[in-house]
Amino acid sequence: MLLPCGMALDERDLFNERPETRSGRYQCPRCRRTGDYSVRWTRRSKKDRLPSGASAEDRAKFDKVRDYLLRLDDEVTCTACGKRFEIPSQQSVMFADQFAGLPNDDELEQEIKEAAGEPEPEPEVEKKPALPARFTRKSMGWK
Ligand SMILES: [Zn+2]
């Protein structure tokens, strides 16, 4: 796979990966109904240190990288009419510090539910879409 700026190290050498689900509210282009959807992301957290044997160049790169999130889902399935549609106007790569400024609907909902004393509902099982070719996308903004 191609890495931005010809980075020699694999991203797995730089980051720890953790799956993360966030909810978003989107409108279906067919039936115009708005619904809440779970969107899967992968959070890549910078490791504490590089593996031994990393070159000085690798270290310089490592110093510059930041935690970021990669969106895994490109589409959601409308809960009302069943049409699959693309997630509108949302970046597929975001840096963690950008993300931190956004409200997390999951946590908010959880708080509301806890306040109301309702048990958490079972997560909806939906058909898993194939993984998108996420490494072929636009530059991730390495500087
Ligand atoms: Zn729909």
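Above this note sits the structure.
Reading the values: rules and limits
- Residues numbered from 1 in each chain as written.
- Predicted model: local features only at pLDDT ≥ 70, side-chain atom pairs only at ≥ 80, totals over all residues.
- Pairing = 2+ DSSP bridges.
- Helix = DSSP H or I, 4+ residues; strand = E, 2+ residues; numbered from the N terminus.
- Axes fitted to C-alpha atoms, helices over the stretch in contact; angles between N-to-C directions.
- Buried ≥ 20, exposed ≤ 12 C-beta atoms within 10 Å, placed from the backbone.
- Contact = placed C-beta atoms within 7 Å.

1. Considerations on the sheet that holds strand β2 (residues 34–46)
Pairing within the open sheet is antiparallel, and its four strands lie in the order β1-β2-β3-β6. In the strand order of this sheet, the two ends are held by β1 (15–27) and β6 (93–95), each with one partner. With strand direction ignored, the average angle separating the axes of adjacent strands in the sheet is 25°. Looking at chain direction, β2 and strand β3 (residues 68–71) are connected through four bridges and run antiparallel. Of the residues in β3, the one forming a bridge with Arg44 is Tyr68.

2. Thoughts on the environment of Lys46
Counting through the fold element by element, Lys46 comes out in strand β2. Look at Lys46 and you get partly exposed, because 15 C-beta atoms sit within 10 Å. Sequence separation between Lys46 and Tyr68 is 22 residues; the distance between their C-alpha atoms is 8.6 Å. If we ignore the near neighbours within four places in the chain, the residues touching Lys46 are Leu14, Phe15, Val65, Arg66 and Asp67.

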